[in-house]
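Descriptive analysis of the structure
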Amino acid sequence: MILYQTLRPALHALRRLMPRIAALALLSAMAAPVWAAAPVLRVLAWPGYADPAVVKSFEQQHGVRVEVTVIDSDSTLWHKISADDAAYDVFAVNAAELQRYIALNLLQTADPARIPNTARQLPRFRNLASIPGLVHQGHAYGIPYTYSEMGLIYDKRQISSPPQSIAALWDPRYRGKVLAYDGGTHNFSLAAQTLKTASPFRLARADWPRAVDRLIDMRRNVLGFYSQPEESVRLFMRHGAALMFANYGMQQVHLLKAAGADIGYAIPREGALTWLDCWTITRRARDPALAHAWIDHLLGDQASALLVKEQGLANTIAESDASHGDNRLLWLEPVEDAELRDRLWQRIRSGDRAAKVLAP
Amino acid sequence: MRFSIVWRLGLPLALLGVLATSLTGYYAYNASRDLLVKAAEERLLTATRVLMRQVTVTLKNTAADVKMIAEHPQAANILNRSTPKFQSIAENNVGMLFERMLAAHPEYFQMRMIDASAHGIERIRVDRDSHGVLRIGNADLQEKGHYPYVFETLRLPRGTVYISHASINHEVGAHAGLEKPALQVAAPVYGNNDKVLGLIVVNVDLNRLFSQLAADLPPELGLYLSNGKGDFLIHPNPARAFAFDRGQSALVQEEFPAAAALLNGSDQRKEFVVTSGSGRSASALVAAFMHQSLPNLAAEDDFVLGLAQPLASVVAESDRLATATMRIVLGFSALSILLAALLALTMVRPLRQIMEAVSRFAADRSGGTLPLARKDEIGVLARSIAHMQTQIRNQLESLHAQQDELDHLASHDSLTGLPNRRLFLDRLDRALARARRNHTTLALLFIDLDNFKDINDTHGHAAGDAVLCAVAQRLQGLLRGADTVARLGGDEFVILVEGARDADAIDQLVHKVNETLAEPIRHEDLELPTSGSIGISRYPEDGKDANALLAVADQAMYRAKAGKR
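Residues numbered from 1 in each chain as written. Chains lettered and ligands numbered in written order. Predicted model: local features only at pLDDT ≥ 70, side-chain atom pairs only at ≥ 80, totals over all residues.

A short note on the overall build of chain B
As a reminder of what qualifies: Each helix corresponds to a stretch of at least 4 residues labelled H or I by DSSP, and each strand to a stretch of at least 2 residues labelled E; elements are numbered beginning at the N terminus. A radius of gyration in this sense is built from C-alpha atoms; the matching globule rule multiplies 2.2 Å by the number of residues raised to 0.38. Each residue is classed by its C-beta neighbour count within 10 Å, where at least 20 other C-beta atoms makes it buried, 12 or fewer makes it exposed, and intermediate counts make it partly exposed; the C-beta atoms are placed from backbone geometry.
When helices and strands are tallied, chain B shows 15 helices and 19 strands. The C-alpha radius of gyration of chain B comes to 66 Å, more than 25% above the 24 Å expected for a compact globule of 565 residues. For the C-alpha atoms alone, the extent of chain B along its principal axes is close to 200 × 50 × 40 Å. For chain B, buried positions account for 35% of its 565 residues.

Put into structure tokens, the structure is as follows:
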């Protein structure tokens, strides 16, 4: 009894410590990481397409993780999707590019019936058969998402009247003050436009050396080439560029205005190449239902509103404010040889001279 | 029950011992672990500082190399084509210099002289390829004017060195550097008239540079490098380096949230240490990070450099300690259990001794051995129990004495000291029983003093009492040990004579009684004459029981008294 009395404070202290000891034991038991293996949706998207808020709301609604990979050129996109070890479920691609993916059997159908929000799209985007390249053998492969013409952005303080022609990119008055896009397909089309070939999308054999020369001339006239919209804005602002080929169209106009640039946006008389980007589902998509849900989500109110507000791009739900006369829009078409254009462009961009570019 | 005190004593003691050793062990282990982690953090931070210093020094050396060549008059001469006669010789010399420098610096991918005037055409270019160092021929020289490292450098004032963002080199024909992470270090070449003529540029192999500098670090250390935005440039997991080049994002501030303060500049701190994850998980790390800008250089970007060590290897030391501690804890726990048992038993043995002594005392008031010599509380307890036993014994003895006295008082006449009527009747009953059993006889002599009332009336009660006492004394003197004389009350006495005696012996006794009563009794100055009347009854002749015998003797006494009158 005497001892019990003396022990009591110790026992009391022990009793108070007990929760801490228990907590420690519990903590060490729980230390092993518990990775909830949430399904992953692997998305390839252009800059600004998969807004973090949109991704987050999708992840929450579907209890999945979205892994977004941003691409900034058609050739990168092509290489990623056509690679043997490609691991993507859904991606955005322009309608003209779609056909080579279909041809290589890289896609599966994107069924509008499984995407309820397609019912809210403008009629001209709902009628998929009327848009070249989206439907193959009666199956739809692309769901229109956004579109823009690729016009010319110019600094109003340096260029008083809007440039009339695409040839302004070659104008020696703007040497070192031109920004162009680092992409072979479009650049060859631009060169073809200035060369007045029959179609900018289908170069004849004899056109290639001339087009290469044109692009080398363009290279010599530009300050530099950009890949991403933000990069183009940074270069434009930092180096006081006068003229820029707007590969991302209204998206860049929007970003430059937000950055405080005093710019104008011109559609050249040759016609502005115009892309319509569509969501597509890869053949290897692990969960086509989830991929359809993603597309549906991207046609929803949140994504559609953010596309306009944050990126300045048009959505397919409502008519765009910045729509230009249809007569001067040149909707992109499949090119004669995208890989050749890309290969030649890599050499041109790397600084090779014509002989080297055209070497086999 | 017998063991309860052993358990109640021993168990808490043993528990206390085990608990104390366990807690001491646990806290010692924890403290040592914290110390190890702290020491590792310090070590890593120091290593990071040293490495960062080496990186800075190396880049500055490269910058100095580039600047030295850019400022050499030969560079301006070549770009100006000011001495056409010696142009190719000069170009060859510089080309050889570039080759030597690439040979000397394995971390250089490429070294070039670029002409500002012809769309940034490369005038002299030396590449590294899989076989070694390679001078690039005229046909393969490229126009680089549209690359940022060219147009940015050409805008710099004389004597300034440009350091590009770290990027993957996608320039076709870059040989070993193609698709590899690189930094461009470039300096403008100025002519006499302050006109920029071109630039000298070195492509630094980022991975080589860092693996070279980190070669002396223990292999378990992970090296992290990020740019000023936090994009990983070097990561132990190569899939996380240059993720931005593949359209993905892998940021240092996502993997090490504490790095956010380092990057956004809100914090003045340039370095931090962090321990992430908990002890057992394989991903737990101790890491030190440091943010470094490159002052005096026209650098596009800053660096964040970090070194990380798996927590498991940091605390491996403490795991060894844990095993040792565990052994000590187990040893001491066993010891404390043993000691507790021993202590409990040593405590219990004297208690049990006391218990036995107390129970024996209760049984027969005998002592038993008490641990009296002990100096502790148990000794005190034993001594007080011994004291208590003595007290109890003394009190019992005095109680017995009082009891005896009370018994005596109850059975004896207080004046004469003779047995009273009660004791007499008791003895008579017993004597009768014996006589009946042994077929013996007995006799009663009933004696009454003849003139007692007169003595009382004449000389007072004191004289009467003196007479009664003297008579009692004289009667007692006449008797054998076995016979009883009692005072029945007033001046009545009775004598019980036991044993087989013939009539003569009784008569003789009567005669002696008469004789002794006849002697006068002295009281103060008086001679008081006394005499008594005696009645006799005999068993079995006169009666079978006490009352009958007494009644017969009483009547006989009255007859005798009447005869005298």
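Back to the write-up after that little detour.
Here we look at the packing of helix α9 (residues 316-364) of chain B against helix α10 (residues 377-411) of chain B
Residues and elements named next belong to chain B. Using the following cut-off: Note on method: axes are straight lines fitted to C-alpha atoms, helices fitted across the in-contact stretch only, with angles between N-to-C directions ranging 0 to 180 degrees. Comment on the angle field: the value is read as roughly parallel under 35 degrees, roughly antiparallel over 145, roughly perpendicular from 65 to 115, and oblique elsewhere. Residues are scored as being in contact if the C-beta atoms we place from backbone atoms lie within 7 Å. Each residue receives one of three labels: charged for Asp, Glu, Lys and Arg, nonpolar for Ala, Val, Leu, Ile, Met, Phe, Trp, Tyr, Cys and Pro, and polar for the others, Gly being one of them.
Following both chains from N to C, one finds α9 and α10 inclined at 10°, their axes separated by 10 Å at the closest point. On the basis of their axis angle, the class for α9 and α10 is roughly parallel. Across from Pro-350, Leu-351, Ile-354, Ala-357, Val-358 and Phe-361 in α9, the residues of α10 making contact are Ile-378, Leu-381, Ala-382, Ile-385 and Gln-389. Grouping the amino acids of the contact of α9 with α10 by side-chain chemistry returns 10 nonpolar, one polar and no charged.

What about the pairing of strand β15 (residues 484-489) of chain B?
Residues and elements named next belong to chain B. Put simply, the rule reads: Here, strands pair whenever DSSP counts at least two bridges between them.
With five bridges connecting them, β15 and strand β16 (residues 492-498) associate as antiparallel partners. By the bridge assignment, Thr-484 is partnered in β16 with Leu-496. Between β15 and β16, which pair antiparallel in sequence order, lie two residues; one of them, Gly-490, sits at a positive phi of approximately 50°.

As for the sheet that holds strand β13 (residues 303-310) of chain B
Residues and elements named next belong to chain B. Ordered by their spatial adjacency, five strands build an open sheet running β9-β8-β13-β11-β10, and the pairing between neighbours is antiparallel. Each end of this open sheet is capped by a strand with a single partner; those strands are β9 (232-234) and β10 (271-276). Each strand of the sheet is rotated relative to its neighbour by a mean of 25°, with strand direction disregarded. Sheet topology note: the strand β11 (residues 285-292)/β13 ladder contains eight bridges and is antiparallel. Its bridge partner being in β13, Val-286 is matched across the sheet by Gln-309. Relative to the sheet, helix α1 (residues 4-71) contacts β10, β11 and β13, its axis offset from that of β11 by approximately 35°.

Digging into the domain arrangement of chain A
Quick reminder of the rule: An automatic or database domain assignment supplies the start and end points of every domain.
Per the domain assignment, the segments making up chain A are domain 1 (40-147 + 274-324) and domain 2 (149-273 + 335-358). Across the contact, 14 residues belong to domain 1 of chain A and 18 residues belong to domain 2 of chain A.

Some thoughts on the confidence of the model for chain A
Residues and elements named next belong to chain A. Note the cut-off: A residue's pLDDT is the predictor's confidence in that residue, given on a scale from 0 to 100.
Overall, the predicted model of chain A reaches an average pLDDT of 88, with 88% of residues at or above 70. Long-range and interchain partners of residues 1-7, a stretch whose pLDDT sits below 50, account for seven contacts in this model, where long-range means more than four residues apart. Below pLDDT 50 for its whole length, residues 21-35 participates in seven contacts with residues either more than four positions away or in separate chains.

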